[in-house]
There are 2 protein chains.
Amino acid sequence: MKQYTSEQLLQQIHEYIGQLSYKRKPMGLYEPIEYVLGLGGKRLRPVLMLLAYNLYKDDVERIFPQAAGIETYHNFTLLHDDLMDKADMRRNKPTVHKRWNENTAILSGDAMLILSYQFMMQQCPAEYVGKVMEVFSRTALEVCEGQQWDMEFEELTDVTVEQYLEMIRLKTSVLLAAALKIGAILGGAPEKDAELLYDFGVKMGLAFQLQDDYLDVYGDPAIFGKKIGGDILCNKKTFMLITALEQAQEADKEALLGWLHVEDYAPEEKIQSVTALYNKVGVAAICNARIDTYYKEGLDLLEQVDVEPARKEELKAFVCRLMDRKL
Amino acid sequence: MKQYTSEQLLQQIHEYIGQLSYKRKPMGLYEPIEYVLGLGGKRLRPVLMLLAYNLYKDDVERIFPQAAGIETYHNFTLLHDDLMDKADMRRNKPTVHKRWNENTAILSGDAMLILSYQFMMQQCPAEYVGKVMEVFSRTALEVCEGQQWDMEFEELTDVTVEQYLEMIRLKTSVLLAAALKIGAILGGAPEKDAELLYDFGVKMGLAFQLQDDYLDVYGDPAIFGKKIGGDILCNKKTFMLITALEQAQEADKEALLGWLHVEDYAPEEKIQSVTALYNKVGVAAICNARIDTYYKEGLDLLEQVDVEPARKEELKAFVCRLMDRKL
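Residues numbered from 1 in each chain as written. Chains lettered and ligands numbered in written order. Predicted model: local features only at pLDDT ≥ 70, side-chain atom pairs only at ≥ 80, totals over all residues. Heavy atoms only, no water.

Chain A is annotated in an unreviewed UniProt entry as Polyprenyl synthetase family protein from Bacteroides mediterraneensis. Turning to chain A, the UniProt annotation filed under Cofactor (unreviewed entry) states: "Mg(2+)". Listed in UniProt under the heading Sequence similarities (unreviewed entry), the comment for chain A reads: "Belongs to the FPP/GGPP synthase family." (UniProt positions renumbered as here; feature names shortened; annotations may be inferred.)

Caption draft 1: Here's a closer look at the pattern of salt bridges. Residue and element names in this part refer to chain A. Summed over all chains, the structure comprises 32 salt bridges over all chains. Of the charged contacts, one joins glutamate 195 and lysine 181 as a salt bridge, the two residues approaching to 2.9 Å between their closest N and O atoms. Placement of the pair is glutamate 195 in helix α9 (residues 191-218) and lysine 181 in helix α8 (residues 161-186), with a sequence separation of 14 residues. Here the salt bridges do not stand alone but share partners, grouping Asp81, Asp150 and Lys171 into one network. (Salt bridge = Lys/Arg side-chain N within 4 Å of Asp/Glu carboxyl O. Helix = DSSP H or I, 4+ residues; strand = E, 2+ residues; numbered from the N terminus.)

Caption draft 2: Expanded view of the relation of the copies chain B and chain A. The transform that puts chain B on chain A rotates by 180° and translates by 0.0 Å along the axis, for an RMSD of 0.0 Å. Both copies of the chain, as the preceding transformation shows, are related through a two-fold rotation axis. Here 100% of the interface residues in chain B have copies in chain A that are interface residues too; the copies meet face to matching face. (Least-squares fit on C-alpha atoms with pLDDT ≥ 70 in both. Contact = heavy atoms within 4.5 Å.)

Caption draft 3: Molecular detail of unusual backbone geometry. Geometrically, the link from lysine 25 of chain A to proline 26 of chain A is a cis peptide bond, its omega value of -5° lying close to zero. Mapped onto the elements, proline 26 of chain A comes out in the loop between α1 (6-19) and α2 (27-37). For asparagine 92 of chain B, which is not glycine, the phi torsion reads 65° and is therefore positive. Residue placement: asparagine 92 of chain B occurs in the loop between β1 (89-90) and β2 (93-94). For asparagine 92 of chain B, a relative accessible area of 73% puts it in the exposed group. The phi dihedral of asparagine 235 of chain B is positive, around 55°, even though this residue is not glycine. (Buried < 20%, exposed > 50% of the residue type's maximum accessible area, 1.4 Å probe, protein only.)

Caption draft 4: Up close: the packing of aromatic side chains. Residues and elements named next belong to chain A. Scanning all chains against the criterion turns up 15 aromatic pairs over all chains. Summarising the aromatic geometry, the rings of tyrosine 73 and phenylalanine 136 are spaced 5.6 Å apart at their centres and angled 80° between planes, so their arrangement reads as edge-to-face. Of the two residues, tyrosine 73 sits in helix α4 (residues 64-84) while phenylalanine 136 sits in helix α7 (residues 126-154), which places them 63 residues apart along the sequence. Take tyrosine 73: its relative accessible area is 0%, and that puts it in the buried class. By relative accessible area, phenylalanine 136 is classed as buried at 1%. Between tyrosine 214 and tyrosine 218, the aromatic rings sit 5.3 Å apart at their centres with planes inclined by 40°, giving tilted as the arrangement. (Phe/Tyr/Trp six-rings, centres within 6.5 Å; stacked < 30°, edge-to-face > 60°.)

Caption draft 5: Main features of the side chain of glutamate 145 of chain B. Among the secondary structure elements, glutamate 145 of chain B is positioned in helix α7 (residues 126-153). With residues up to four places along the chain from it excluded, the contact list for glutamate 145 of chain B reads Arg24, Lys25, Pro26, Leu29 and Tyr30 of chain A together with Leu170 of chain B.

Caption draft 6: Quick peek at the environment of glycine 18 of chain A. Secondary-structure assignment places glycine 18 of chain A in helix α1. The exposed category is assigned to glycine 18 of chain A, whose relative accessible area is 60%.

Caption draft 7: Just the interface of chain B and chain A, in detail. Taken together, the contact between chain B and chain A spans 37 residues of the former and 37 residues of the latter. Carbon and sulfur atoms supply 72% of the area buried between chain B and chain A, which totals about 3400 Å² over both sides. Considering only the side of chain B, the residues that lose the most area to chain A are Leu107, Ile114 and Leu141 of chain B, jointly responsible for 18% of the buried surface there. For the pair chain B and chain A, the interface holds 2 salt bridges. When the shortest N-O distance is used, the salt bridge between arginine 24 of chain B and glutamate 145 of chain A registers 2.6 Å. Linking chain B with chain A are 8 residue pairs in polar contact (both at pLDDT 80 or more). Put simply, the parts of the chain that give the side of chain B that touches chain A at least two residues each are α2 (27-37), α4 (64-85), α6 (102-121) and α7 of chain B. For the side of chain B that touches chain A, the element with the highest residue contribution is α7 of chain B, accounting for 15 residues. (Buried area = accessible area lost by both parts, 1.4 Å probe. Polar contact = N/O pair within 3.5 Å; in protein donor to acceptor, adjacent residues only side chain to side chain.)

So, in structure tokens, the structure goes:
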């Protein structure tokens, strides 16, 4: 049985997505789709799907359509989320509503969602169609729920850590989990293992997102790839901010709330002051402890998957690298 | 074998859709969906699906989920189209982006599209899933293409009749056709009959839309239900306008183009003047001839469906009533 490295799988799915052609008319509908899918990205979800499939079978090319489907779905959510968030740039390029217009972003996004279903169905073995579609639709709906919570939380200042974790579970984790589960289902995995891989994905998704929240404050700008403090400047309700608001003493909480409402400020000063408050509360340690817990719980779930340990090494190594950890 | 009247089917599917509950959280996502599906409407697509199914089988309740699915899809398109067209009202109620906001309209619409797929899959017999989903996804994509052409045509003054007909085929007809075809597939119809019913739906869809275009100019306001001349006032590129622009003598064409560009006018005067130009060109007769052709071609296709003639009477009568014609 052939085992692929994640790099090989990334290369293959990247080529597969790259050769898909959207030459249908009207161009005004399909050009933005080609543009969005051509922006690249880590192709994390299809790679996870292929890695899960490769735990059981080695003809990974059989599920390239489903892998492209989950990536198309993910890119659809980015397209519509960027429109709702009025974001101008994505991966250093103008977003669709900026480069074209809002109606194009709405309609091309709708078409991408339909295309993702077409891919998901394409050459899907009859015995798995029901399960695959059930997981995919439920997950797609949950991602919408996560985005709705995210938008609603923007208007609130009393979001709890539990509410925040549930929001990121829905908005981020379940799609990673679904990628793994669909890969497992298509590979013929027993129900129990498909479920374990799903739960592993949820834990890892939470760990990734918290790590992202952490790195926005404490990351090395050279490695992080984004500017440090971006979340602080736009008052984003991350795990860091919510935890600080929950745990800070009254005076520090007041100071933090003050920074949320200041209209006119020097960016560097705001970042430094808020970070100082985070330091005082000890948010970093709290966040790292959570990440650690999720990460370990995740690996423990993977451990239980009934597949020869050597065969799980690649998936494990892939996730460790993403978390920038040693095995 | 039990044969239902279209009124009975309408009543049943109306109740089925009415008892669906969207009590999931977040309310901000699901309330607008319940609102849109509760606005009513003729439930034309589910009734057509049930009528087609009832040509072959009588346990119509088996396909209520699929009938609800096509109605949910249709209502999703209305929701997003209203947003793109900046329409304030739908069925005498504020549209979702007016009652809530634009982001809600985008995200609740996305969720409706996903829900329509869930309905379509729900209890769909394994043997038909592939075919049903193939027709549904292809059609859903074509409807997006139709909407894109429609928006692009707004910016053009040289749209041809052929381009217009292709646009309304995509935007309107294929969904009626797909409703019939999916009903037939689920009823176990032979491929050939499912195809004939699809083509019958396309023809009837074209006839409906042209009739709608016609009635905007020549309809009886008491029966039409909308104000006469609405399309004329907003320069909508209907079959009437496009035909008039194609067929008018130079001076009349100039006069017509003039009315398209006048900024300041008395509504009644614009309607009367444009109608007078339509009369001069003889647009009514041209339009009626087309409607007649599509209508007859449609009935001819239905004739060829290999089902006992008596059994097809209800579907035939339903379509005749919609077209306000005698059998």
